[in-house]
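Residue-level structural notes
The chain contents come next:
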Amino acid sequence: MKTNSAKSQLSASVVICTRNRASYLGNTIRKAALQEPPMGGFEILVVDNGSTDHTAEVVKECWSSINTVIVRYVLETQVGLSSARNRAIVEAKGRFLCFLDDDAVPEPEWLQRLCAVFEQSEQIMCAGGGIMPEYETTPPAWFDNQCEGIFKPTFKHPARHCTSYPYYPYGANFAVRISAFSIVGSFDAQLGYMGTSLVPGEETEFLRRIERAGYQIMIDPSAMV
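Criteria and cut-off values
- Residues numbered from 1 in each chain as written.
- Predicted model: local features only at pLDDT ≥ 70, side-chain atom pairs only at ≥ 80, totals over all residues.
- Heavy atoms only, no water.
- Salt bridge = Lys/Arg side-chain N within 4 Å of Asp/Glu carboxyl O.
- Helix = DSSP H or I, 4+ residues; strand = E, 2+ residues; numbered from the N terminus.
- Buried < 20%, exposed > 50% of the residue type's maximum accessible area, 1.4 Å probe, protein only.
- Pairing = 2+ DSSP bridges.
- Contact = heavy atoms within 4.5 Å.
- Polar contact = N/O pair within 3.5 Å; in protein donor to acceptor, adjacent residues only side chain to side chain.
- Phe/Tyr/Trp six-rings, centres within 6.5 Å; stacked < 30°, edge-to-face > 60°.
- Lys NZ or Arg CZ within 6 Å of the ring centre and 35° of its normal.
- Axes fitted to C-alpha atoms, helices over the stretch in contact; angles between N-to-C directions.

**Comments concerning the pattern of salt bridges**
Throughout the structure, instances matching the rule amount to 12 salt bridges. A salt bridge links Glu 43 to Arg 72; the shortest N-O distance between them is 2.8 Å. Of this pair, Glu 43 sits in strand β2 (residues 42-48) while Arg 72 is found in strand β3 (residues 70-75), placing the two residues 29 residues apart along the sequence. Note on accessibility: Glu 43 and Arg 72 belong to one class, buried. Residue Glu 203 is joined to Arg 85 by a salt bridge in which the shortest nitrogen-to-oxygen separation is 3.2 Å. Separated by 118 residues along the polypeptide, Glu 203 in helix α7 (residues 202-212) and Arg 85 in helix α3 (residues 81-91) bring together distant segments of the chain. With a relative accessible area of 3%, Arg 85 lands in the buried category.

Written as structure tokens, this is what we have:
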């Protein structure tokens, strides 16, 4: 996997992969732009995975109205979340790729806290944080805590800690050191949401490769979206 790690000067790239979610995307970009910047600065990279709605117009409006951080847009026509993430690996200018779902709302210190995890050790290749679901309608009575675990990761400790399979961070809120992709490769394009095929697990498979290679995966529950 070719990366631009040698050219990376920014601390972080906030990566938002999206497809036909324009109604959510603008809010996510604006909240990302309000992040307390890590030392070294950051960019917002939107990877449009072949949207047919007005996604491009939403990003253009954000680009023209946000003057605190660079907002970049790239189009990846190969449909699939893993393909979009792999395009981000090539395009990103940050040392840490911080992946954010296109409907996620990061807390103001989310980015700083994720980036701070990597400063502990060069052996840390991935960092993840907490997720608090916000429901658009009242969940049904049968939707219990176990069901909510689909969206809300369970952590072994409330403080920052090292984790292992199966307690990996969720794809809505995790960051990867850019050099990791040169070591273990990119995301498996056969996994991940792909049009009407909703087969998840691409980040789990990727993180297992990191763990098997002897590197660390960390969780900071306070890095919240």
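**Remarks on the pairing of strand β8 (residues 216-224)**
With six bridges joining them, strand β5 (residues 124-130) and β8 adopt parallel strand pairing. Bridge pairing in β8 places Gly 128 opposite Ile 219. The sheet contact formed by strand β6 (residues 161-163) and β8 spans three bridges and is antiparallel. From the neighbouring strand, Thr 163 faces β8, where its bridge partner is Ile 217.

**Topic: α3**
Looking only at α3, the buried set comprises Ser 82, Ser 83, Ala 84, Arg 85, Asn 86, Ala 88 and Ile 89. On the buried face of α3, the contacting elements are β1 (10-18), β2, β4 (94-100), β7 (173-177), α6 (179-184) and α7.

**Describing the environment of Arg 72**
Residue Arg 72 is classed as buried on the basis of its relative accessible area, which comes to 17%. Taking the C-alpha atoms as reference points, Arg 72 and Lys 60, 12 residues apart in sequence, are found 9.0 Å from one another. In this structure Arg 72 touches Glu 43, Ile 44, Leu 45, Val 46, Glu 91, Ala 92 and Lys 93, once residues within four positions along its chain are discounted. A distance of 2.8 Å separates a polar atom in the side chain of Arg 72 from a polar atom in the side chain of Glu 43. Only 2.7 Å separates the side chain of Arg 72 from the backbone oxygen of Glu 91, close enough to count as a polar contact.

**Topic: the packing of aromatic side chains**
Centre-to-centre distance and the angle between the planes together describe a pair of aromatic rings. On inspection of all chains with the given rule, the structure shows 11 aromatic pairs. Aromatic pair Phe 99 and Phe 187: ring centres 5.8 Å apart, planes at 90°, arrangement edge-to-face. Taken together, the positions of Phe 99 in strand β4 and Phe 187 in the loop between α6 and α7 put the pair 88 residues apart, joining distant regions of the chain. The pair formed by Phe 99 and Phe 187 is uniform in burial state, with each residue classed as buried. Ring geometry for Tyr 165 versus Tyr 168: centroids 5.7 Å apart, planes at 65°, classification edge-to-face. Grouped by ring-pair contacts, the aromatic residues Phe 99, Phe 174, Phe 181, Phe 187 and Phe 206 constitute a single cluster. One cation-aromatic arrangement involves Arg 85 over Phe 187; the distance from NZ or CZ to the ring centre is 5.5 Å.

**Some points on the sheet that holds β2**
Strand order across the open sheet formed by eight strands is β3-β2-β1-β4-β7-β5-β8-β6, with mixed pairing between neighbours. Only two strands of the sheet have a single partner each, and these edge strands are β3 and β6. Taking the axes of each pair of neighbouring strands and ignoring which way they run, one obtains an average angle of 30° across the sheet. Here β1 pairs with β2 via seven bridges, running parallel. Paired with Ser 13 across the two strands is Glu 43, which belongs to β2. In the packing of helix α4 (residues 110-118) onto the sheet, contacts are made with β1, β2, β4, β5, β7 and β8, and the angle to β5 comes to roughly 150°. On the sheet, α7 packs against β5, β7 and β8 and is oriented at approximately 130° with respect to β8.

**Side note on the side chain of Asp 102**
You can see Asp 102 is positioned in the loop between β4 and α4. The residues touching Asp 102, leaving out its near neighbours within four places in the chain, are Ile 16, Cys 17, Thr 18, Arg 19, Arg 21, Tyr 24, Leu 25 and Thr 28.

Everything listed here is a matter of geometry and, on its own, says nothing about what the molecule does.
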